[in-house]
Every structure is written in C-alpha cells, then in structure tokens.
Amino acid sequence: MSETEKKKYRYTKSLINIAIKDGWTQAQIAVACRTQQSVVSDWKKGVKQAFEHQIRPLLDIYGNKLRRTAFKIYPFIEASGEVKMAKVEGEVILQYAFRKKEINKRLTPTRKIAIHSMGKGEFCIVLQHFLYKDQFLDQYDGILQWNAIVVRVETSALLIEETTKLSEITIGNEVLLDKHELLSLDIALKKALLQNGFPVDGVEEYLAAC
C-alpha cells in the first residue's frame, strides 16, 4: 500500500454528510467507495475515518465545496497605507503564537503564524504581527490590531524552506524570528505536517510493529 493509500481523511464525517445532503444514500456511497454500508454508517457518525483512496469518488465531487466551508479573513496594510482583507481557505494545520509582551496589562503574543492546507499539496503561510503604534490603532478605532503577510507555496518542502526565511524579515528594529523561535517553529511545523500525512524530509522513522 502506497503512502497516499495509507493516509486517513480527517474530514470523512463532513464529506459524507455533504454527499448525503446532496441526495446520496449510504448504500450509494458504499457502492461508489467499494465498501459496505455499515462502514459508511461509521464514517457518517465519525466512529471511523476513511482512507483517501476509498472516498476519492466523493472527494472528486465535493472536495472543493468541503475546503470552501472553512476559511479565515486576515487584514493587511498595503504600502500606500490602505487596509485590505485576505480570505484564505483551507484547513489550518498549525497555529503558532510567540513573542509575548505586556499590552494593556495583559501578556499577549505579538507574532502569530497560521499554516493553511489548500489541497493538492499546496499551503498558505499567514504571518501576523501586532501593531503597537497607538496613533495607528486610533486611526482605525482599534479594529485593526494585526497586520498579515500571506505567502502561498506549492509543496511541503517549499513550505519548510519559506518558514526558515522568516528569520530574515525585520519589523521596525526587531527580527521577526530569532534562532530559538525559528527552531521551535520548525519542530512544530514538521510535527503538524507529519500528523496530517504530508512528507517531511530528514525525519528518522521508528515504526511500531503491525
């Protein structure tokens, strides 16, 4: 069995319910996915997850609809000072917050990174940094407190490569990531990729016996 065939689809329950709402019966799904109706019943209840190759017929039809049910909106500021919004679809496989400082008497992260899985092996990196300047916050009535940078990459290898470049970015007179933060992010990112079935080079595997 290939690595793709071994990969469980974590949104099996949602996918099955989308198909059923569109008029499919459990028996029809079982025929399309070459399995038994009792298995489809377990998928629908969330008792079990299907392998991706099993539910490929449904993914081909409803995959885009399923991905589009989940998205986030991120505000960002253009060079002109105009505030715009970025709509980023896809499952968030990693949320990472760091560089805490006391803001309004609360210890608050001033950097956030979110990794969205966009489907077909592509990802979006969303980097947010907290806006300190009171006069800027006053200008937008406190609504805009975070500025986002969005980068889309085509493979998990490029995703890891691009995150290492974050240490080269400065905001004001501060580096975005110091070497310790970069190491922690690298470990968290690779763990998230492995947990979601994506390949990661340079990781030694010690597999349990079946």
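What you see is a predicted model, and the numbers here were worked out from it, not measured in a lab.

Visitor: An account of the pairing of strand 1 (residues 71-77) is needed here, citing residue identities and associated values.
Guide: Bridge count for strand 1 against strand 2 (residues 83-89) is seven bridges, and the pairing is antiparallel. Note on strand 2: the bridge partner recorded for Tyr 74 is Ala 86.

Visitor: Quick rundown of the pairing of strand 5 (residues 122-130)? Include the residues and the values.
Guide: Counting buried positions along strand 5 gives eight out of nine residues, so the element sits mostly inside the fold. Two strands pair when backbone bridges link them, and strand 4 (residues 106-119) and strand 5 are joined in this way by eight bridges, in the antiparallel orientation. The residue of strand 5 that forms the bridge with Ser 117 is Phe 123. Across eight bridges, strand 5 lies against strand 6 (residues 146-153) in antiparallel orientation. Note that in strand 6 the partner of Cys 124 across the bridge is Arg 152.

Visitor: Give me helix 2 (residues 12-21): which residues, what numbers.
Guide: Considered for burial, the residues of helix 2 that qualify are Thr 12, Leu 15, Ile 16, Ile 18 and Ala 19. Buried positions in helix 2, seen along its axis, are confined to an arc of 160° and lie on one side of it. Just past helix 2, the residue Gly 23 takes up positive phi, approximately 110°.

Visitor: Just give me the short version of unusual backbone geometry, but keep the residues and values in it.
Guide: Residue Arg 34 is not a glycine yet carries a positive backbone phi of 55°. Positionally, Arg 34 belongs in the loop between helix 3 (26-32) and helix 4 (37-45).

Visitor: Tell me about the nonpolar core, and name the residues and values.
Guide: If you look at the biggest cluster of nonpolar residues, it comprises 22 residues, and the most contacted ones within it are Ile 113, Ile 115, Phe 123, Leu 159 and Leu 193. When residues of this core are traced back to their parent elements, those giving at least two are strand 3 (91-103), strand 4, strand 5, helix 7 (156-164) and helix 8 (179-195). In terms of residues, this core owes the most to one element, helix 8, which gives five residues. Dropping the residues within four chain positions of it, Leu 193 is found in contact with Ile 93, Phe 123, Ser 156, Leu 159, Ile 160, Phe 198 and Val 200. With 17 residues, the next largest nonpolar core counts Tyr 9, Ala 30, Val 39 and Val 40 among its residues.

What counts and how
Residue numbering note: each chain is counted from 1, following its sequence as written. Since the coordinates come from a predicted model, pLDDT governs what is reported: local features require at least 70, and pairs of side-chain atoms require 80 or more to be given and counted, while whole-chain, interface and lining totals use all residues. Neither water nor hydrogens contribute to the side-chain values; these are computed over all heavy atoms in the structure. At least two DSSP bridges between two strands are required for those strands to pair. Numbering of helices and strands starts at the N terminus; helices are DSSP runs of H or I of at least 4 residues and strands are runs of E of at least 2. Only protein chains enter the accessibility calculation, which uses a 1.4 Å probe. A residue is then buried if its area is under 20% of the maximum for its type, exposed if over 50%, and partly exposed in between. An arc is given here, and it is the one of the directions from the helix axis to the C-beta atoms. Each nonpolar core is a collection of buried residues, namely Ala, Val, Leu, Ile, Met, Phe, Trp, Tyr and Cys, held together in the definition by side-chain atoms within 4.5 Å. The criterion used for residue contact is that any of the two residues' heavy atoms lie within 4.5 Å.

Remember that the coordinates give geometry; whether it matters functionally is a separate question.
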